Amino acid sequence: MTGITLTAPGRLRGVIQVPGDKSISHRAVLFNAIATGSAHIANFLPGADCLSTVACVRGLGVTVEQLGERELVVHGAGLGGFREPADVLDCGNSGTTLRLLAGLLAGQPFFTVLTGDASLRSRPQRRIVVPLRAMGAQIDGRAEGDRAPLAIRGGALRGGHYELPIASAQVKSALLLAALSADSPITLTGRIDSRDHTERMLAAMGLDITVAAEQITLRPPTAATAPAALSLRVPGDPSSAAFWWVAAAIHPDAELVTPGVCLNPTRTGALDVLRAMGAAIEVVNERLEGSEPVGDVVVRSSTLRGTTIAGALIPRLIDEIPILAVAAACADGETVIRDAHELRAKETDRIATVAAGLSAMGALVEPTADGMVITGRPGQLHGTTLDSYHDHRLAMAWAIAALVARGETTILEPAAAAVSYPGFWQALAAVQETV
Ligand SMILES: O=C(O)C1=C[C@@H](OP(=O)(O)O)[C@@H](O)[C@H](O)C1
Ligand SMILES: C=C(OP(=O)(O)O)C(=O)O
């Protein structure tokens, strides 16, 4: 077991170029793999999750050239150009890789097995298996199809109408990708309000996709609407930047800048919550990069107050809840998080693990069925030994909490951070100053 020990620094200052967005990096590789032509991807996230996606598409016969650590060229195989892999496809720790690939492979005329690490194999898959079967897919897995490994014998699919019961971009994307090889259009209604990178990217690649407030319709590609290779620069990941936003807001002597962060409105819930808590945030240099809005975010030391995080906000900040819980523990008054049952289906049960970790640091946290209630008090956290349980977002949330804790904090299995944020520990060292 490895660990890293941190103490609170006197000052935090710096400009942090956060790595490329994880959701967009996955999609840039997967969608270009089925496109016609070659795409250049700049600022690709070389995190373990996105590297799993690259390895899987290579296993399907696609050539991905690595020009540099963050620069790739994907030579598209075209729709129907994948070949049956010689071995199981290992999605590692990445739910996005497994669920999007399951959708893509459900309509391919060959056999595939998708698996992953112990965490991924413990996560629910019926959410994709049930609707993909309704489209005609032959797909099975452990626990009556609810757990990976998933075995897929691809074949003919039909479109139709599916009402999404949970706001999950992975489910939404799996169904849209399956529909690319269906014989009729697919219409999605219900909880379509999750991150919309799939819709934006498929539209930019020329597919016939209509997105309205209440429904999304994708028509099967024709010669004129087959996906065309799309070169892009991946914007900075707001889910990674959120660690620095909270660090600056809770530390008494801080100013941190995160330039070039994706400000897609389906991803900016953490900024909205931090503003509602009273954080000193400035967003400057807002612009459009490809299909995504981006901007530079500046956060300074703030006096935070408790807030409510619930309802439509939840899908807009689902991965940021561990770090927002740290902010809540350092705010004045009560923060209520509800409607976030999905946290129980992540790399760890993030309701249980966040509540346990923050409580061990002296915070007052009551876990509930679908969230938690945190009674915040500035200065209440103290150092202790915390496990990341190999969950990247926990490792980083504990590191930021350590920046304001009394005494030493030791984080076990810190390397987990590289699942979404390679270079996190170096960036953390670089922004700390002694006074
Ligand atoms: O589609 C995506 O890229 C993601 C969707 C979210 O998962 P759900 O679809 O399960 O909400 C998120 O937690 C994950 O980190 C990335
Ligand atoms: C839940 C996450 O990712 P995934 O579902 O892709 O494993 C995450 O990055 O916090």
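In this text, all values refer to a predicted model and were calculated from it rather than measured experimentally. Residue positions are given per chain, counting from 1 as you read along its sequence in written order. Going through the entries in the order they are written, you letter the chains from A and number the ligands from 1. Per-residue local features are limited, in this predicted model, to residues with pLDDT of at least 70; the limit for side-chain atom pairs, both in listing and counting, is 80 or more; totals at the level of whole chains, interfaces and linings are taken over all residues. For side-chain calculations, the full set of non-hydrogen atoms in the structure is used, while hydrogens and water are omitted.

### With respect to the overall build of the protein
As a reminder of what qualifies: Each helix corresponds to a stretch of at least 4 residues labelled H or I by DSSP, and each strand to a stretch of at least 2 residues labelled E; elements are numbered beginning at the N terminus. The rule is simple: take the accessible area with a 1.4 Å probe, protein chains only, and divide by the maximum for that residue type; under 20% is buried, over 50% is exposed, in between is partly exposed. Per-residue and other accessible areas were derived by the Shrake-Rupley procedure at a 1.4 Å probe size, with only the shown protein chains allowed to occlude residues. Within this scheme the basic residues Lys and Arg register as positive and the acidic residues Asp and Glu register as negative, but His and the chain ends are omitted. To locate a charge, the coordinates of NZ of Lys, CZ of Arg, CG of Asp or CD of Glu are taken.
Helix and strand counts for the protein come out as 14 helices and 24 strands. If you line up the protein on its principal axes, its C-alpha atoms span 65 × 45 × 40 Å. Counting only residues that meet the buried cut, the protein has 60% of its 435 residues in that class. Here the protein displays about 15,100 Å² of accessible surface, and carbon together with sulfur accounts for 52% of that area. Where the 36 positive side-chain charges of the protein centre and where its 43 negative ones centre are 2 Å apart.

### Observations concerning the site of ligand 1
To be explicit about the condition: We call a residue near a molecule or strand whenever a single non-hydrogen atom of that residue lies within 4 Å of it. Residues adjacent in sequence count toward polar contacts only when both atoms are side-chain atoms; beyond that, a polar contact is any pair of N or O atoms within 3.5 Å, and within protein one must be able to donate a hydrogen and the other to accept it. Note on definitions: the grid is 1 Å and covers protein atoms alone; a cavity is a set of points where a 1.4 Å probe fits but cannot get out; a pocket is an open set with protein on both sides within 12 Å along at least five of seven lines; lining residues have an atom within 4 Å of a point. Assignment to a cavity or pocket requires that more than half of a molecule's atoms be within 2 Å of the site's grid points. Lys, Arg, Asp and Glu make up the charged group, whereas Ala, Val, Leu, Ile, Met, Phe, Trp, Tyr, Cys and Pro make up the nonpolar group; the residues left over, Gly among them, are polar.
In the vicinity of ligand 1, the contacting residues are Lys22, Ser23, Arg27, Thr96, Arg99, Ser168, Ala169, Gln170, Arg195, Ile318, Asp319 and Lys346. The side chain of Lys22 places a nitrogen or oxygen atom 3.1 Å from an oxygen atom of ligand 1. Between ligand 1 and Arg27 there is a distance of 2.6 Å, counted from an oxygen atom to a side-chain nitrogen or oxygen. Relative to its unbound accessible area of 390 Å², ligand 1 is 95% covered by the protein chains. The site holding ligand 1 turns out to be the largest pocket. Among the secondary structure elements, those contributing two or more residues to the shell around ligand 1 are helix H1 (22–33), helix H3 (95–105) and helix H7 (169–179). Tallying contributions element by element places H1 first for the shell around ligand 1, with three residues. Each residue belonging to the shell around ligand 1 can be placed in one class, and the counts come to two nonpolar, four polar and six charged.

### What to know about the pattern of salt bridges
Keep this limit in mind: Salt bridges are defined as contacts in which a side-chain nitrogen from Lys or Arg sits within 4 Å of a carboxyl oxygen from Asp or Glu.
Scanning the entire structure with this criterion turns up 28 salt bridges. Residue Asp140 pairs with Arg133 through a salt bridge whose shortest N-O separation is 3.3 Å. Between Arg350 and Glu347 there is a salt bridge, with the nearest N and O atoms lying 3.0 Å from each other. Taken individually, Arg350 and Glu347 each receive the classification buried, so the pair is uniform in this respect. Each of Arg123, Arg195, Asp319, Glu347, Arg350, Asp391 and Arg393 takes part in salt bridges that share partners, so that together they form one network.

### Focus: the site of ligand 2
Put simply, the test is: The source of the domain bounds is an automatic or database domain assignment.
If you check the shell around ligand 2, you find 13 residues, and the closest are Lys22, Gly95, Thr96, Arg123 and Arg393. With respect to ligand 2, the side chain of Lys22 contributes an N or O atom lying 2.8 Å from an oxygen atom. Considered on its own, ligand 2 offers 290 Å² of accessible surface; in the complex 99% of this is hidden by protein. More than half of the atoms belonging to ligand 2 lie within 2 Å of the grid points that define the largest pocket. In the shell around ligand 2, the residues fall into no nonpolar, six polar and seven charged. Two domains each provide a minimum of three residues to the shell around ligand 2, namely domain 1 (3–20 + 235–433) and domain 2 (22–227).

### Focus: helix H9 (residues 238–250)
This is how the line gets drawn: To estimate the expected span of a helix, count its residues, drop one, and scale the result by 1.5 Å.
The end-to-end C-alpha distance of H9 is 18 Å, a good match for the 18 Å that 13 residues give at a rise of 1.5 Å each. The buried fraction of H9 amounts to 13 of the 13 residues, a majority that puts the element mostly inside the structure. Put simply, Asp237 is the residue that caps the front of H9, since its side-chain oxygen is 2.8 Å from the backbone nitrogen of Ser239.

### Concerning the UniProt feature "binding site: phosphoenolpyruvate" (unreviewed entry) in the protein
To keep it simple, the criterion reads: UniProt positions are given in the numbering used here, feature names are shortened, and annotations may be inferred rather than shown by experiment. In what follows, a contact means two residues having at least one pair of non-hydrogen atoms within 4.5 Å.
Within the UniProt annotation, "binding site: phosphoenolpyruvate" (unreviewed entry) is assigned to Lys22, Gly95, Arg123, Gln170, Arg350 and Arg393. Checked against the lining of the largest pocket, the annotated residues just named reduce to Lys22, Gly95, Arg123, Gln170, Arg350 and Arg393. Relative to the helices and strands, Arg123 is located in the loop between helix H4 (118–121) and helix H5 (126–134). Here Arg123 falls in the buried class, since its relative accessible area comes to 3%. If sequence neighbours within four positions are ignored, Arg123 has contacts with Asn93, Gly95, Arg99, Asp146, Arg147, Ala345, Lys346 and Glu347. By the secondary structure assignment, Arg393 is in helix H13 (residues 392–402). With near-sequence residues (within four places) excluded, Arg393 lies in contact with Lys22, Ser239, Phe243, Asp319, Pro322, Arg350 and Ser420.

### Observations concerning the domain arrangement of the protein
Heads up, the condition is: Buried area adds together the accessible area that both of two parts lose upon being put together, with accessible area traced by a 1.4 Å probe.
When cut into domains, the protein gives domain 1 (3–20 + 235–433) and domain 2 (22–227). Taking only C-alpha atoms into account, the centre of domain 1 sits 29 Å from that of domain 2. Residue-level contacts link 26 residues of domain 1 with 26 residues of domain 2. Both faces considered, domain 1 and domain 2 share a buried interface measuring about 2,200 Å² in area, 46% of it formed by carbon and sulfur atoms. At the boundary of domain 1 and domain 2, one finds three salt bridges. The salt bridge involving Arg195 is made with Asp319; its shortest N-O contact spans 3.6 Å. Linking domain 1 with domain 2 are 13 residue pairs in polar contact (both at pLDDT 80 or more), by the criterion used here. When contributions to the side of domain 1 that touches domain 2 are tallied by element, the ones reaching two or more residues are strand E17 (292–300) and H13. Counted by class, the side of domain 1 that touches domain 2 contains 11 nonpolar, seven polar and eight charged residues.

### Examining the layout of surface pockets
Operational definition: Grid points are joined across faces, edges and corners, and a volume is the space filled by probe spheres set on the points.
Estimated volume of the largest pocket: approximately 490 Å³. Lining of the largest pocket is provided by 34 residues; of these, Ala167, Ser168, Ile318, Glu342 and Lys346 occupy positions nearest its centre. Class assignment of the residues belonging to the lining of the largest pocket gives a composition of eight nonpolar, 11 polar and 15 charged. Taken together, Ala249, Ile250, Pro252, Ser302, Thr303, Leu304, Cys330, Pro378, Gly379, Gln380, Leu381 and Val404 make up the full set of residues lining the second largest pocket. When grouped by side-chain class, the residues that make up the lining of the second largest pocket number eight nonpolar, four polar and no charged.

### Some thoughts on the pairing of strand E4 (residues 63–68)
Condition: Pairing between two strands is assigned when DSSP locates at least 2 bridges connecting them.
Relative to strand E5 (residues 71–75), E4 runs antiparallel, the two sharing five bridges. What sits directly across from Gly68, in E5, is Glu71.

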